[in-house]
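# Structural description and commentary
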Amino acid sequence: MTWTVRRRLISAFVVVHLSATVLWNLPASAFRDRCTAWAGFYMLPLGLWQDWGMFAPNPVRDTLALEAVALDRRGLLHTFSFIHAAESSPWEGPWLYRHSKFATSLADESCKAQREYTARHVARSLDVPANDYPLDVQLLFQVSPILKPGEPSKAPGPLVIETYRFPTLEEAQP
């Protein structure tokens, strides 16, 4: 009896997982647009999503590193760096790939809630005293173009994603 229930649960999981993956990776269409909201609840939090930008003829040409800068009431600047898989060893890197996918997903306009939650995480992590609020948290990308061998560096500098203002420490809480 329990073996049958277990097999049905595993089968249901496999069907849901494969359905979400197929729906997410369909080319742009009205059907895909209706289904991606459902599939996104599963794909995005787990970092399972993929993007057509990784395929030819127009692959992604830049590397993005997510960072945050916070300015407190006294004018002090606080910096916060997120995990960068590119700075890790070959043994650690494979375990950190979801961090770069998270950073990339914040650029999407549909991820406004994730951006705000990320800014709140930064505000809490910086341990700025309550009397130094309001705190302005700015999420930004450090953009690094992928260069051909021997090509000179032409980094454009930081790209601001969004700025959030937290009037009090309590408002930075989730």
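Owing to the predicted nature of the structure, the values given are computational and were not obtained by experimental measurement. (Residues numbered from 1 in each chain as written. Predicted model: local features only at pLDDT ≥ 70, side-chain atom pairs only at ≥ 80, totals over all residues. Heavy atoms only, no water.)

To continue, consider the pairing of strand β1 (residues 62–71). Here is the key point about a regular strand: its side chains alternate between the two faces of the sheet. Across ten bridges, the pairing between β1 and strand β3 (residues 135–145) is antiparallel. Looking at the pairing, aspartate 62 lines up with proline 145 of β3. For β1 and strand β2 (residues 77–81), the ladder comprises five bridges, and the chain directions are antiparallel. Bridging from a neighbouring strand, alanine 68 pairs with phenylalanine 80 of β2. (Pairing = 2+ DSSP bridges. Helix = DSSP H or I, 4+ residues; strand = E, 2+ residues; numbered from the N terminus.)

So, on to the sheet that holds β2. The strand order β2-β1-β3-β4 describes an open sheet built from four strands, whose pairing is antiparallel. At either end of the open sheet lies a strand with only one pairing partner, and these are β2 and β4 (157–166). Direction aside, neighbouring strands of the sheet carry axes that sit 25 degrees apart on average. Two elements, β3 and β4, share nine bridges in a ladder whose sense is antiparallel. Of the residues in β4, the one forming a bridge with valine 143 is glycine 157. Of the strands in this sheet, β1, β2, β3 and β4 are in contact with helix α4 (residues 112–125), which crosses β4 at around 80 degrees. (Axes fitted to C-alpha atoms, helices over the stretch in contact; angles between N-to-C directions. Contact = heavy atoms within 4.5 Å.)

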